[in-house]
Amino acid sequence: MKKITLSFFILLTIVACNSSKKVSNVNFVPPTAYYLNSSDLENAVIYEANIRQYSPEGTFNAFTKDIPQLKELGVKIIWVMPIFPISQTKRKATGGDNSKFASEMPEGEQHKYLGSYYAVSDFKKVNPEFGTMEDFRNLVKTAHENGIYVILDWVPNHTGWDHVWIKEHPEFYTKNEKGEIIDPINPETGKSWGWTDVADLNYDNQLLRKQMIADMKYWITKENIDGYRCDVASNVPLDFWKQCIPQLRKEKNIFMLAEAWEPELIKEDLFDMVYAWEGHHTLNKVAQGKESVKELNAYLKKMNEQYESNDILMNFVDNHDENSWNGTMKSRLGTAEEIMTALTYLLPGMPLVYSGDEYGLDYSLKFFEKDVIPKVKGNHWKLRANLGALKKNNPALNGGKYPASFKKIISSNEDHIFAFEREKEGKKVIFIGNLSDQSIETKIELKGDFTEYKSGKNISFRADTPISLKPWQYLILENK
């Protein structure tokens, strides 16, 4: 679903301190307390865990045993896709414009259609498909023991049709002129999104708001999670988030990710991070030859104008929606997959790894049925581990509340060569990439002696040093 100063195309200036973004005081101390340290956000990698598809077992325990090795990828935040029971009523079997319910499929096949994670039937229980509450507690405990935070995927916009509120609090839901509860409506078109397996919540109801906040507090105070990724956060009224998030932060320092891009959601100590949706689409279009470096620079300039320097954007080339509905990284990015992946780590913000990306997932996972990701470490694991280590160890890639600076580097081929410098605490990282499917010779306005990160070779640049790059080739340079 759904700055860096420089005289030319400036993006983001480093902000050593910004009083508008403060971490709340911690009041609640559970027995196994584990608290978010905002400094960890500077070099964090976030991992989206698809429990159902992560392993043949599809359980919490099967995922938990692999948590220690996620540290090799630089992961500091695990976002767990919804863990709650899934409604049986109107359980989906297929998606898209001609979607079908499980009940419409042949009777002998209905059992294999497990429905959408996002059709929640109870916000305070776990899906027995994944294991027990104790299994989930062990997942959180293991993550914390490995220095990793856990955030839950929360679905505030709607519930499944089996949710207890349907019977006990029908006033919590949006209704049509006939008084019937309806599925969610696209606010821009006034028509259904097509999410017919869920019922739309009505935030005009103050009791709903109170109950939603109480259910969110439960997982923080009782299960010691570290925050939330909030599904379609912009579909929920902004004033609810202004009411909700401060109350959650009183319980514990938490990390809040909005599945949205709107800048207002990241102001006033609300969400910590939003999706870099436009950046994602721009990287896809550049890889497909539909746009060029010109559009990428324009995007970055726009982000500099829309967001504050300590706003965090989640950079990604893949996630559960993209993989299942819009194609794999390989199909969308082709031979540009590696360079576009690298950019999600080097541009300001926080990079996302979706379950399977680290293993070179090259097929679309089923959304409503059991599937499984590959689990053989190869070049994709090595790439993500190397990029994660670079982001972890070099402050020039800091992208949290106190980000490194960013400035564009001029080349003699501005249509195809994308080059920039990140800097903080005397450390520099330089990126020079050929964002085209043709070999390019160019001159770079860069001086100094550097180490190329991938090869370890020393490279010296003088004024207008010529450089040749093959299609989609890139260099990552560190100053000595």
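Residues numbered from 1 in each chain as written. Predicted model: local features only at pLDDT ≥ 70, side-chain atom pairs only at ≥ 80, totals over all residues. Heavy atoms only, no water.

Undergrad: Explanation requested: helix 8 (residues 277-287) in the structure shown.
TA: An α-helical turn contains 3.6 residues, so a residue and the one three or four places further along point in the same direction. Of all 11 residues in helix 8, 8 are buried, a share of seventy percent or more. Considered for burial, the residues of helix 8 that qualify are Trp277, Gly279, His280, Thr282, Leu283, Asn284, Val286 and Ala287. Phi turns positive one or two residues past the end of helix 8, at glycine 289, with a value near 75°. (Buried < 20%, exposed > 50% of the residue type's maximum accessible area, 1.4 Å probe, protein only. Helix = DSSP H or I, 4+ residues; strand = E, 2+ residues; numbered from the N terminus.)

Undergrad: What is the right way to look at the environment of methionine 314 in this model?
TA: Considering the arrangement of structural elements, one finds methionine 314 in strand 9 (residues 312-315). The sequence separation of methionine 314 and tyrosine 359 amounts to 45 residues, and the corresponding C-alpha distance is 21 Å.

Undergrad: Would you explain the pairing of strand 6 (residues 227-230) in this entry?
TA: Successive side chains on a regular strand alternate, one facing one side of the sheet and the next facing the other. Residues Gly227 and Arg229 point to one face of strand 6 and Tyr228 and Cys230 to the other, with burial holding for every one of them. Strand direction decides the pairing type here: strand 3 (residues 149-154) and strand 6, joined by 3 bridges, are parallel. By the bridge assignment for strand 6, leucine 152 is matched with tyrosine 228. Of the strand pairs in this sheet, strand 6 and strand 7 (residues 255-258) are connected by 4 bridges, and their pairing is parallel. (Pairing = 2+ DSSP bridges.)

Undergrad: What exactly am I supposed to notice about the sheet that holds strand 12 (residues 417-424) here?
TA: Strand pairing in a sheet relies on backbone hydrogen bonds, with the paired strands running either antiparallel or parallel. Within the open sheet, the 6 strands sit side by side as 11-12-13-18-15-16. Their pairing is antiparallel. Either end of the sheet is taken by a strand with one partner, and the two such strands are strand 11 (405-408) and strand 16 (458-461). When the angles between neighbouring strand axes are averaged without regard to direction, this sheet yields 30°. Most of the contacts of helix 12 (residues 337-346) go to strand 13 (residues 427-434), to which it runs at about 155°, and overall it touches strand 12, strand 13 and strand 18 (474-479). (Axes fitted to C-alpha atoms, helices over the stretch in contact; angles between N-to-C directions. Contact = heavy atoms within 4.5 Å.)

Undergrad: I tried to follow helix 7 (residues 238-251) on my own but got confused; where do I start?
TA: Along its 14 residues, helix 7 runs 21 Å from first to last C-alpha, staying within 8% of the 20 Å computed at 1.5 Å per residue. Restricting attention to buried positions, one finds in helix 7 the residues Phe240, Trp241, Cys244, Ile245, Leu248, Arg249 and Glu251. In an axial view of helix 7, the angular spread of the buried residues amounts to 135°, which keeps them on one side of the axis. Contact partners of the buried residues in helix 7: helix 6 (206-221), strand 6 and strand 7. (Expected span 1.5 Å × (residues − 1). Arc of directions from axis to C-beta.)

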